[in-house]
Amino acid sequence: MEKTPNIVESSVYAYKTVWDERRYLFGLIFVPILIKITCLTMVFYFAPETVIWQSLVMLPSFFAEGWFIAQFLRTFFKKEYWPRKFNENEQISPKTDERARGILSCVIAFVLTKMFISVLSAIVIEAKLVDIPPMETADPEKEFLSALPAIGFLFFLFWAFRFFWLYIPLSVNMPLMRFLAHIKGLKASMNMLGIWLFCIIPVLLIMMMMNGVLLDPYGGDPNAAPPFISFLAIALNVIFGMLMDLLSVAGMATLFYTLFTGRIIDFGENDT
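Conventions used here
- Counting from 1, residues in each chain are numbered in the order their sequence is written.
- The predicted origin of the model limits local features to residues at a pLDDT of at least 70 and limits the giving and counting of side-chain atom pairs to 80 or more, whereas totals for whole chains, interfaces and linings rest on all residues.
- As a rule here, side-chain values come from all non-hydrogen atoms in the structure, and water together with hydrogens is ignored.
- Here is the rule: rings of Phe, Tyr and Trp (six-membered ring for Trp) pair when centre to centre is within 6.5 Å. Planes less than 30 degrees apart are stacked, more than 60 are edge-to-face, and the remainder are tilted.
- Labels follow the DSSP assignment, with helices taken as runs of H or I lasting at least four residues and strands as runs of E lasting at least two, numbered in each case from the N terminus.
- Exposed residues in this analysis have more than 50% of their type's maximum accessible area, buried residues have under 20%, and partly exposed residues fall in between, with area computed by a 1.4 Å probe over protein chains only.
- Charge-over-ring contacts are defined here by two conditions on Lys NZ or Arg CZ: a distance within 6 Å of the ring centre and an angle within 35 degrees of the ring normal.

Draft legend 1. Local environment of the packing of aromatic side chains. As enumerated under the stated definition, the model contains 15 aromatic pairs in all. Taking 6.4 Å as the distance between ring centres and 85° as the angle between the ring planes, the aromatic pair formed by Tyr13 and Phe76 counts as edge-to-face. Taken together, the residues Tyr13 in helix α1 (residues 7-20) and Phe76 in helix α4 (residues 59-78) connect sequence positions 63 residues apart. The same class applies to Tyr13 and to Phe76, which are both buried. Connected via pairs of aromatic rings, a cluster forms that spans Phe110, Phe116, Phe161, Phe164, Trp165, Tyr167 and Trp196. A cation over an aromatic ring shows up here: Arg22 above the ring of Trp19, its NZ or CZ 4.0 Å from the ring centre.

Below, the structure is given as structure tokens:
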């Protein structure tokens with residue numbers, strides 16, 4: 001009988017996996033965090049106020065984070081760790097070549113996904129999908145019609161949400177058609193959206209509280225804060241943002257493991 005993924009258990013297992021691998025992950029994430037802080041600082045102080053230009057400035061951080069996520073996924077699915085030590089006379093084995101292809105495919109797909117989301121954000125910002133009229137002149141019929149594009153766009157995002165995670169199966173060289181066959185239908189999107197929310201909301205709340213502590217004395221505006229406070233806010237947003245990405249990926253990987261194998265991960269297992 002096909003196993004049904006449990007949203008809460010998948011999310012809890014994501015936190016458990018990240019905690020169990022915390023020492024290994026800390027060594028991997030340090031450089032990507034520095035690169036992302038540098039890029040985000042350049043965006044904040046120097047980049048033009050357009051999403052496309054800002055995305056181009058962030059491109060090195062997308063590659064760095066994609067490499068980090070790819071390494072984590074290889075650890076999750078294959079129990080592989082980086083760096084691997086080779087003997088001087090050892091030749092590249094098919095397994096080593098398979099790992100390299102998986103990491104490269106994952107990184108490229110991750111970067112393309114990030115760029116696509118950036119372009120999508122730019123379209124939403126520029127299009128102004130919903131033009132809300134003043135309350136005293138609001139016409140319910142016209143208001144509903146003006147909201148239709150936004151409603152349609154939300155339905156599109158809900159349907160397309162599953163495609164934002166294609167880099168996960170690519171990390172283990174799974175054919176995309178086989179992967180897509182496992183996530184057909186709106187139920188898969190609902191499970192994925194639920195896991196994503198369960199994974200990010202606790203961290204997001206903590207991040208918002210810490211941002212409030214830092215920026216509330218300056219009206220919540222980082223531009224009005226002293227440079228050190230602004231930089232500290234950027235650094236915290238980067239750290240918490242990458243943690244949310246990592247937890248989301250771990251949650252999705254847990255879900256996909258269940259869908260691919262028909263077996264729900266036991267919380268007592270060490271081998272995923």
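The discussion continues.
Draft legend 2. Geometry of unusual backbone geometry. In this structure, Lys79 is a non-glycine residue whose phi angle is positive, near 55°. Note that Lys79 resides in the loop between α4 and α5 (94-127). Classification of Lys79 by relative accessible area gives partly exposed; the value is 34%. The phi dihedral of Asn173 falls on the positive side, at around 60°, and the residue is not glycine. If you trace the backbone, Asn173 turns up in the loop between α7 (167-170) and α8 (176-182).

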